Amino acid sequence: MGSTDFSWKLADHPKLPKGKTIAVIVLDGWGEASPNDFNCIHRAETPAMDSLKHGAPDKWRLVKAHGKAVGLPTDDDMGNSEVGHNALGAGRIYAQGAKLVDLALESGKIYDGEGFKYIQPSFQNGTLHLIGLLSDGGVHSRLDQLQLLLKGAAERGAKRIRVHILTDGRDVLDGSSVGFVEALESDLAKLREAGVDARIASGGGRMYVTMDRYEVSLSSRYPFDSSSLTELLFLVLCKM
């Protein structure tokens, strides 16, 4: 470690006495917001939480669980279970999820990785297949990241690109996929004008296809013949 005096042991807390039991309880989905008729926590009877909050107001603290406070790109980005699991106990703010992808795209680091270098030699005569969730939900998908990746891949030699889209409906409003497809089609048209054969090749939904937590078989639901999967080279964008 560079020093024989280093120790992982935390210093004693200046106020909490030793020998006492402390419970760390995480309430998933619980938070404080402006009280109104549409705030379910405000409208509900919460005697236990009220007693904790009002019984020791000097010890009641609020912490942010979304946005920049937990390493996401902006304060408009909502927190969720994955974000919380990564941030809990970290003791510091560090980039995660979409922020990491933003940084990799901004710096060009994503194109220096082993994965991209592995597929790049295939660009001259092969097809680059991209599959992922198409929305701006933030946690599992960002349309602007796909747009930047398409541009970057084309600039680095991709001649033929096929996008396999998975529409959302969980992190964004129902019906919003039409707007995302139109935005993507506009970008693909510009690539075609520049001489890159870039098109949407297939589509599907999210919940019962690939981002599946309900144990529905991918091979029986997604519109790819299993034998053709061995011939396709995917750069998977969806963060499971």
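Residues numbered from 1 in each chain as written. Predicted model: local features only at pLDDT ≥ 70, side-chain atom pairs only at ≥ 80, totals over all residues. Heavy atoms only, no water.

### Points about the overall build of the chain
And then number 1: Counting its secondary structure elements, the chain contains 10 helices and 4 strands.
And then number 2: Listing each helix as α and each strand as β along the chain from the N terminus yields α-α-α-α-α-β-α-β-α-β-α-α-α-β.
And then number 3: Relative to its full complement of 240 residues, the chain shows a buried share of 27%.
And then number 4: Considering only contacts in the chain between residues 6 or more positions apart, those separated by 24 or more positions represent 64%. (Helix = DSSP H or I, 4+ residues; strand = E, 2+ residues; numbered from the N terminus. Buried < 20%, exposed > 50% of the residue type's maximum accessible area, 1.4 Å probe, protein only. Contact = heavy atoms within 4.5 Å.)

### Thoughts on the packing of aromatic side chains
And then number 1: Tallied over the entire structure, the rule returns 2 aromatic pairs.
And then number 2: With 5.0 Å between their ring centres and 75 degrees between their planes, Tyr 111 and Phe 116 make a pair best called edge-to-face.
And then number 3: Exposure remark for Phe 116: the relative accessible area of 5% places this residue in the buried category.
And then number 4: Ring pairing ties together the aromatic residues Tyr 111, Phe 116 and Phe 123, which thus form one cluster.
And then number 5: Arg 156 extends its terminal NZ or CZ atom over the ring of Tyr 111, reaching a point 3.7 Å from the ring centre. (Phe/Tyr/Trp six-rings, centres within 6.5 Å; stacked < 30°, edge-to-face > 60°. Lys NZ or Arg CZ within 6 Å of the ring centre and 35° of its normal.)

### Observations concerning empty space enclosed by the protein
And then number 1: What the rule picks out here adds up to 2 cavities of 30 Å³ or more.
And then number 2: Each pocket or cavity is described by its volume, and for the largest cavity that value is around 40 Å³.
And then number 3: In terms of lining, the largest cavity is formed by Leu 72, Pro 73, Asp 77, Met 78, Ala 98, Gly 137, Gly 138 and Val 139.
And then number 4: Taken together, the residues that form the lining of the largest cavity break down as 5 nonpolar, 2 polar and 1 charged. (1 Å grid on protein atoms, 1.4 Å probe; cavity = no way out; pocket = protein on both sides within 12 Å on 5 of 7 lines; lining within 4 Å. Points joined across faces, edges and corners; volume = space filled by probe spheres on them. Nonpolar A, V, L, I, M, F, W, Y, C, P; charged D, E, K, R; others polar.)

### Concerning the layout of surface pockets
And then number 1: If you add up the space inside the largest pocket, you get close to 2,300 Å³.
And then number 2: As for the largest pocket, its lining consists of 43 residues, of which Ile 25, Val 26, Leu 27, Arg 61 and Val 63 are closest to the centre.
And then number 3: Of all the secondary-structure elements, those providing two or more residues to the lining of the largest pocket are α2 (47-55) and α3 (81-87).
And then number 4: Per-element tally for the lining of the largest pocket: the top contributor is α3, with 5 residues.

### Description of the side chain of His 129
And then number 1: One can find His 129 in strand β1 (residues 128-134).
And then number 2: There is a polar contact of 2.9 Å between the side chain of His 129 and the side chain of His 164. (Polar contact = N/O pair within 3.5 Å; in protein donor to acceptor, adjacent residues only side chain to side chain.)

### Digging into the packing of helix α4 (residues 98-107) against helix α6 (residues 143-155)
And then number 1: Look at α4 against α6: their axes get within 11 Å of each other, and the N-to-C directions meet at 25 degrees. Our classification of the angle between α4 and α6 gives roughly parallel. The crossing of α4 and α6 is left-handed. Residue-level contacts link Ala 98, Val 101, Asp 102 and Leu 105 of α4 to Gln 145, Leu 148 and Leu 149 of α6.
And then number 2: Of the residues in the contact of α4 with α6, the class split is 5 nonpolar, 1 polar and 1 charged. (Axes fitted to C-alpha atoms, helices over the stretch in contact; angles between N-to-C directions. Parallel < 35°, antiparallel > 145°, perpendicular 65-115°, else oblique. Left-handed = near helix turned anticlockwise from the far one by under 90°.)

### Considerations on helix α7 (residues 177-193)
And then number 1: Taking 1.5 Å of rise per residue, 17 residues should cover 24 Å, and α7 covers 24 Å from first to last C-alpha, within 8% of that figure.
And then number 2: Turning to α7, its buried residues are Phe 180, Leu 184, Leu 188 and Leu 191. The buried residues of α7 occupy an angular sector of 65 degrees when the element is viewed end-on, so they sit on one face. Opposite the packed face of α7, turned more than 90 degrees from it, sit the exposed residues Val 178, Glu 182, Lys 190 and Glu 193.
And then number 3: Directly beyond the C-terminal end of α7, a positive phi value near 95 degrees is found at Gly 195. (Expected span 1.5 Å × (residues − 1). Arc of directions from axis to C-beta.)

### Concerning the nonpolar core
And then number 1: Judged by nonpolar contacts, the single largest core of 25 residues is most densely connected at Leu 128, Leu 150, Ile 161, Val 163 and Leu 184.
And then number 2: Counting residues per element, the ones that place at least two in this core are α5 (114-119), β1, α6, β2 (160-167) and α7.
And then number 3: For this core, the element with the most residues is α6, which contributes 6 residues.
And then number 4: Apart from the residues lying within four places of it in its own chain, the contact partners of Leu 184 are Leu 134, Leu 146, Leu 150, Val 163, Ile 165 and Ile 200. (Core = buried A, V, L, I, M, F, W, Y, C linked by side-chain atoms within 4.5 Å.)

### So, the confidence of the model for the chain
And then number 1: With 84% of its residues at a pLDDT of 70 or more, the chain has an overall mean of 81.
And then number 2: Contacts of residues 218-240 to residues separated by more than four positions or lying in other chains number 47 contacts, the stretch itself having pLDDT below 50. (pLDDT = per-residue confidence, 0-100.)

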